[in-house]
Amino acid sequence: MPTAATVYCRQKRIVGVGRLSSSSSFASAMGGLAGLPLQSEWWKKGRKKDLTATLKDEMRQHLGMIGVDEDAVDKLKIIHVTGTKGKGSTCSMTDSLLSAHGLKTGLYTSPHLLSVTERIKLNGQSISEAKFARYFHEVKSGLEKNGEPLPPFFRFVTLMAFLAFVREKVDVAVVEVGIGGRTDATNFFDHPTVCGVTSIGYDHMEQLGYSLPEIAWEKSGIFKQGAPAYTTGDQQKCVFDVLAREAKRKKIPFLISPTLETYSTPRGVPIQLGLDGKFQRTNASLALALSGYWLSQHRAGTCLWKGPKKELTPLCLNTLKNCQWPGRAQTIQVPGHPNVIFHLDGAHTPESMQMCSEWFSETVSASQKHSPVPARVMLIFNCSVSRNPQTLLTPLIKNNTFTDVVFTSFTQQQPQQNSTPSLSHPSLTADSTNPSRRAEMAQMWSTLTTKSTPPATTAGNSTTTTLNICPTVNKALECVWGAERALPRGQTLHVLVTGSLWLVGAYLKLLGVSRV
């Protein structure tokens, strides 16, 4: 029996946008995205809130309006991934493993760092601006011709992603959940190949609940009959119990991804990851499980490992070694500044900040083993207005001693001529209009450091910390260059940029990274 979306596609003649005109440029697409309603505003226009079935039906109907029926979505053979920490890294490694084995892959993730085109990738590469503009106008045209109000940003870009994957005829779509799972815009299809759940912690509690079991239940909403669910072995018991219960209710297999230590390698070579940080090994284990299961279902004979010892193939090992996911435990050195090392991590939850703090401390300590001069260690920090700064600053203070701390905004000074509009976000707008927030965070830092005991292992051994409050990320970067000029011979300046992916993206752009 045909579905509602299928019937809609057959009854309506779907009209494409044809050749790209000046109005179909990337700049006009960016302007159109910036004008989309906020989620809260959209609900006020008559949408029923918190009804999973309604959300799914609307996504399916919207896809039908742009010529994508459920059969086309099922052919994408989707890998659906939710969680709190490591969703993007897991999806990136999964995508890389499948692409390396000859599959045409589509990858949908959020948020973006430099350009909105990063959210939709084909074979690991961001979609071109021309294609992004085309799919934007095709979605917009299809909805408007049917008298449908344009949905909020994330739902709109999700429609674009699935339209792109169908048009580009990908073999597999790796899809990261935006928030939660049960009512997420990505959770409208019924037949994924496999689902994955990364480590779950506290995040988006206003939408998902204030306890881990509540959050886990929301995320288990992506489980579907016929598709096994994999998770990582680091879940707390209360989380694991909820996930297992929901999997049993859906009558699907629920499995823990084997750790990397359970695999063997040719000649016992170590498994190296392109993504830094110990926590990425857990994400890699889930990526191997998801991609391995997908291949067993759709590409018989193509394996990531072989034999009873589960020996990873050279291609698999090389792919894991070369996979990158910018903005997460990333280290950058800028040409012309040999004594300055930037460490960027978009950690924005207490759990992810704990991991970021440990990674940074270990990285700096390792670099100082053979240096007679203690490092100068700087923190550049900001978080969105929905976050509690104290819960993020506490792990940083616990594991590190900073000689310099800079609290900044998300605002970047733009060149005089900027032809392409940039996307804003409510958190960014609220941040830029509330300079007192940085002063409050500085005061919070002073209070926390007064109460704390300096960590036993620290590279910077200064007993005093210089605090700076900067109105823009550009001004904060001037603090870095000022500190560099004051370095004595042989000293290195390590700069940690963290608290938000928006902040990390701003610094990647300032440091000359043009594409990720």
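The structure displayed is predicted, hence computed values, not measured ones.

Participant: Talk me through the overall build of the protein chain; I want residue IDs and the actual numbers.
Facilitator: Across its full length, the protein chain carries 19 helices and 16 strands. Across the 516 residues in the protein chain, those meeting the buried criterion constitute 54%. For the protein chain, the proportion of contacts with a sequence separation of at least 24, taken over those separated by at least 6, is 80%. Element-wise, carbon and sulfur atoms account for 52% of the exposed surface of the protein chain, whose accessible area totals about 22,400 Å².

Participant: Describe the sheet that holds strand β4 (residues 125-126), and please don't skip the residues or the numbers.
Facilitator: Sheet strands associate in pairs through backbone hydrogen bonding, adopting either a parallel or an antiparallel arrangement. Judged by pairing direction, the sheet is mixed, and its eight strands sit side by side in the order β4-β3-β2-β5-β1-β6-β7-β8 without closing on themselves. The open sheet has two free edges, formed respectively by β4 and β8 (254-256), since each of these has just one partner strand. As judged from the four bridges shared by strand β2 (residues 105-108) and strand β5 (residues 172-176), these two strands associate in the parallel manner. Bridge pairing links Gly106 to Ala173 in β5.

Participant: Kindly report on the packing of aromatic side chains, identifying the contributing residues and their values.
Facilitator: Under the counting rule described, the total for this entry stands at 16 aromatic pairs. Between the aromatic rings of Phe188 and Phe189, the centroid separation amounts to 5.3 Å while the plane-to-plane angle is 80 degrees, which identifies the pairing as edge-to-face. Each ring, one from Phe402 and one from Trp445, has its centre 6.0 Å from the other, and the planes form 65 degrees; the classification is edge-to-face. Taken as a pair, Phe402 in the loop between α15 (389-399) and β14 (404-407) and Trp445 in helix α17 (residues 436-451) lie far apart in primary sequence, 43 residues in all. Each member of the pair, Phe402 as well as Trp445, is classed as buried. These aromatic residues form a ring-pair network of at least three members: Phe360, Phe381, Phe402, Phe407 and Trp445. In this structure, Lys310 packs its charged tip against the face of Trp305, placed 5.3 Å from the ring centre.

Participant: Go over the side chain of Arg60, please, and point to the residues and values.
Facilitator: Summarising the element assignment, Arg60 is placed in helix α4 (residues 52-65). Owing to a relative accessible area of 16%, Arg60 belongs among the buried residues under this scheme.

Participant: Hey, could you go over the sheet that holds strand β15 (residues 466-469) for me, with residue numbers and the actual values?
Facilitator: Strands sit in the order β11-β12-β16-β13-β14-β15 across an open sheet of six strands; the sheet is mixed. Two strands bound the open sheet, and with one partner strand each, they are β11 (330-332) and β15. Averaged over all pairs of adjacent strands, the angle between their axes in this sheet comes to 20 degrees, without regard to strand direction. Where strand β12 (residues 340-345) meets strand β16 (residues 493-498), six bridges bridge the pair, whose relative direction is parallel. Paired with Phe342 across the strands is Val495, a residue of β16.

Participant: Tell me about the pairing of β12, and name the residues and values.
Facilitator: Among the six residues that make up β12, six are buried, leaving the element largely enclosed by the rest of the structure. Because side chains alternate across β12, one face comprises the buried residues Val340, Phe342 and Leu344, and the other comprises Ile341, His343 and Asp345, equally buried. Where β11 and β12 come together, three bridges link them in antiparallel fashion. Looking at β12, one finds that Gln330 is bridged to Leu344.

Participant: Tell me what's going on with the pairing of β16, and back it up with residues and numbers.
Facilitator: Where burial is concerned, most of β16 is hidden: six out of the six residues are buried. The side-chain alternation of β16 yields two buried faces, one formed by Leu493, Val495 and Val497 and the other by His494, Leu496 and Thr498. Note that strand β13 (residues 376-381) and β16 share six bridges and pair parallel. Looking at the pairing, Leu379 lines up with Leu496 of β16.

Participant: Tell me about helix α10 (residues 212-219), and please be specific about residues and values.
Facilitator: When α10 is considered as a whole, its buried residues turn out to be Leu212, Ile215, Ala216, Glu218 and Lys219. Buried positions in α10, seen along its axis, are confined to an arc of 160 degrees and lie on one side of it. Residues of α10 that are buried in the fold lie against β1 (79-82), α9 (205-208) and α11 (237-250).

Participant: Give me the nonpolar core: which residues, what numbers.
Facilitator: Core analysis: the largest hydrophobic core is formed by 42 residues, its most contacted members being Ile120, Phe162 and Phe165. Broken down by element, this core gets its largest block of residues, 11 residues, from helix α8 (residues 153-167). Residues contacting Phe165, with those up to four places away along its chain left out, are Leu76, Gly106, Leu107, Tyr108, Ile120, Lys121, Leu122, Val170 and Ala173. Formed by 33 residues, the second largest nonpolar core is a distinct cluster that contains Ile79, Ala284, Trp294 and Leu317.

Participant: Give a description of the state of the cysteines that names residues and reports values.
Facilitator: By definition, a disulfide links two cysteine residues through a covalent bond between their sulfur atoms. For the structure on display, the rule yields zero disulfides. Note on Cys479: no disulfide assigned, nearest cysteine sulfur contributed by Cys470 at a separation of 3.7 Å.

Participant: Explain the packing of α15 against α17 residue by residue, including any values.
Facilitator: At their nearest, the axes of α15 and α17 sit 10 Å apart, and the two run at 45 degrees to each other. As judged from the angle between their axes, α15 and α17 are oblique. The two elements α15 and α17 cross, and the hand of that crossing is right-handed. Contacts between α15 and α17 involve Pro389, Gln390, Leu393, Thr394 and Ile397 on the former and, on the latter, Arg437, Met441, Met444, Trp445, Leu448 and Thr449. For the contact of α15 with α17, the class distribution of residues is seven nonpolar, three polar and one charged.

Participant: Break down the environment of Ala133 for me, citing the residues and quoting the values.
Facilitator: Residue placement: Ala133 occurs in helix α7 (residues 129-145). Considering only alpha carbons, one finds Ala133 and Ala27, 106 residues apart in sequence, at a separation of 8.2 Å.

Rules behind the numbers
Residues numbered from 1 in each chain as written. Predicted model: local features only at pLDDT ≥ 70, side-chain atom pairs only at ≥ 80, totals over all residues. Heavy atoms only, no water. Helix = DSSP H or I, 4+ residues; strand = E, 2+ residues; numbered from the N terminus. Buried < 20%, exposed > 50% of the residue type's maximum accessible area, 1.4 Å probe, protein only. Contact = heavy atoms within 4.5 Å. Areas by Shrake-Rupley, 256 points an atom, 1.4 Å probe, with all protein chains shown as cover. Pairing = 2+ DSSP bridges. Phe/Tyr/Trp six-rings, centres within 6.5 Å; stacked < 30°, edge-to-face > 60°. Lys NZ or Arg CZ within 6 Å of the ring centre and 35° of its normal. Axes fitted to C-alpha atoms, helices over the stretch in contact; angles between N-to-C directions. Arc of directions from axis to C-beta. Core = buried A, V, L, I, M, F, W, Y, C linked by side-chain atoms within 4.5 Å. Disulfide = S-S within 2.5 Å. Parallel < 35°, antiparallel > 145°, perpendicular 65-115°, else oblique. Left-handed = near helix turned anticlockwise from the far one by under 90°. Nonpolar A, V, L, I, M, F, W, Y, C, P; charged D, E, K, R; others polar.

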